[in-house]
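# Architecture at a glance
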Amino acid sequence: MNRDIGSIQRDLANTIDEKTVGQEDCATFIENLSLFRRESITEPCSCTTEASVLFVVQGTKQLLVAEQHFVYDTQHFLLNSLELPARSQVLEASSDTPCLGLMLKLDTQLMADIIAQNGMPPPYEHTISGSSAIGTVTPSLLEPFTRLLALLDEPRAIKTLSPLLVREIHFRLLSSDLAGRLWQIASTASQTHRISRAIGWLRMHYSKPFHIEELASYVQMSSTTLYHHFREHTAMSPLQYQKWLRLNEAQRLMLNDNLDASSAAYQVGYESPSHFSREYARLFGQSPKRHIEELRKGNTT
């Protein structure tokens with residue numbers, strides 16, 4: 001018998017509530033699946049998106065990417081296609097009724113295999129921009145998640161059964177109202193795939209100077225086309241994205257490895273510590289020293 005969305009979400013909420021007590025973000029023994037819990041409304045917090053789908057089964061959240069905002073709740077799920085800087089905000093949550101949900105990282109090779117195996121025709125959408133989108137939650141999308149989460153209580157079955165359920169979830173996503181975006185993510189010929197490759201290259205070479213022509217050649221696009229589509233998908237230029245990578249890595253080095261600002265600046269590719277400090281303050285709102293002190297203070301309270 002087919003169940004309604006509310007019944008499925010209550011089951012999922014009960015499971016996630018049980019598994020996340022005392023935690024905000026909870027990895028699981030199922031590969032690429034994590035759970036989250038928030039017990040209060042928050043201001044926008046910095047985060048990094050990746051190719052994934054996120055479902056809220058209780059409460060409301062939103063993702064802010066550049067000037068766009070994407071609200072997802074019990075009626076809408078969030079799809080991210082690229083690894084990008086963003087801000088996440090909880091809009092509806094309390095200690096009695098926490099915001100509960102899950103994230104599943106997407107497997108592009110699996111999607112491509114499902115498309116080929118089922119002879120799925122290309123969707124009608126031809127021009128899809130942006131890295132995130134909101135889809136409609138349906139019972140057929142949620143149901144396999146209940147069976148996937150049930151495996152957390154049957155760990156010996158995870159290795160055998162979870163791949164089958166993850167495959168079903170990808171199939172259901174390819175039949176959802178975001179099929180066009182998912183097709184684009186899975187297609188090796190798509191602009192999204194090429195921008196994803198460009199991002200991967202920048203992550204490998206963030207500390208070194210680069211020319212747009214070099215990156216364009218790597219992804220087999222013209223410099224103008226790469227620049228246009230990179231901005232369209234990420235709301236940043238390749239150079240701005242490299243700067244974001246450098247500043248975040250410098251923050252990690254100062255916070256975790258105890259490097260001073262100048263040493264961190266040189267290590268991530270800056271030639272001038274003063275230039276680094278200005279750009280760091282522009283991104284994080286504080287000087288490197290003061291920001292790291294605040295972060296350490298927050299970690300110990």
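Up top is the structure these notes are about.
This text gives an overview of the structure that appears in the document. All values derive from a computational prediction rather than experimental measurement.

The next point concerns the packing of aromatic side chains. Counting across every chain of the model gives 9 aromatic pairs. Here Tyr270 and Phe276 contribute two aromatic rings whose centre-to-centre distance is 5.4 Å and whose plane-to-plane angle is 65°, an arrangement assigned as edge-to-face. Neither residue differs from the other here; Tyr270 and Phe276 are each classed as buried. Seen in terms of ring centroids, Tyr280 and Phe284 are 4.5 Å apart; in terms of plane orientation they differ by 40°. Their pairing is tilted. Note that Tyr280 and Phe284 are positioned in helix H11 (residues 273-284) at a spacing of 4 residues, about one turn of the helix. The pair formed by Tyr280 and Phe284 is uniform in burial state, with each residue classed as buried. Members of the aromatic cluster, each reached through a chain of ring pairs, are Tyr270, Phe276, Tyr280 and Phe284.

Extensive coverage of strand S7 (residues 76-80) is indicated by the burial of 4 of its 5 residues. When strand S4 (residues 52-58) meets S7, the two strands line up antiparallel, connected through 3 bridges. Bridge assignment links Val53 to a residue of S7, and that residue is Leu79. Bridging between S7 and strand S10 (residues 132-136) involves 5 bridges; their strand directions are antiparallel.

Reading guide: rules and limits
Residues numbered from 1 in each chain as written. Predicted model: local features only at pLDDT ≥ 70, side-chain atom pairs only at ≥ 80, totals over all residues. Heavy atoms only, no water. Phe/Tyr/Trp six-rings, centres within 6.5 Å; stacked < 30°, edge-to-face > 60°. Buried < 20%, exposed > 50% of the residue type's maximum accessible area, 1.4 Å probe, protein only. Helix = DSSP H or I, 4+ residues; strand = E, 2+ residues; numbered from the N terminus. Pairing = 2+ DSSP bridges.

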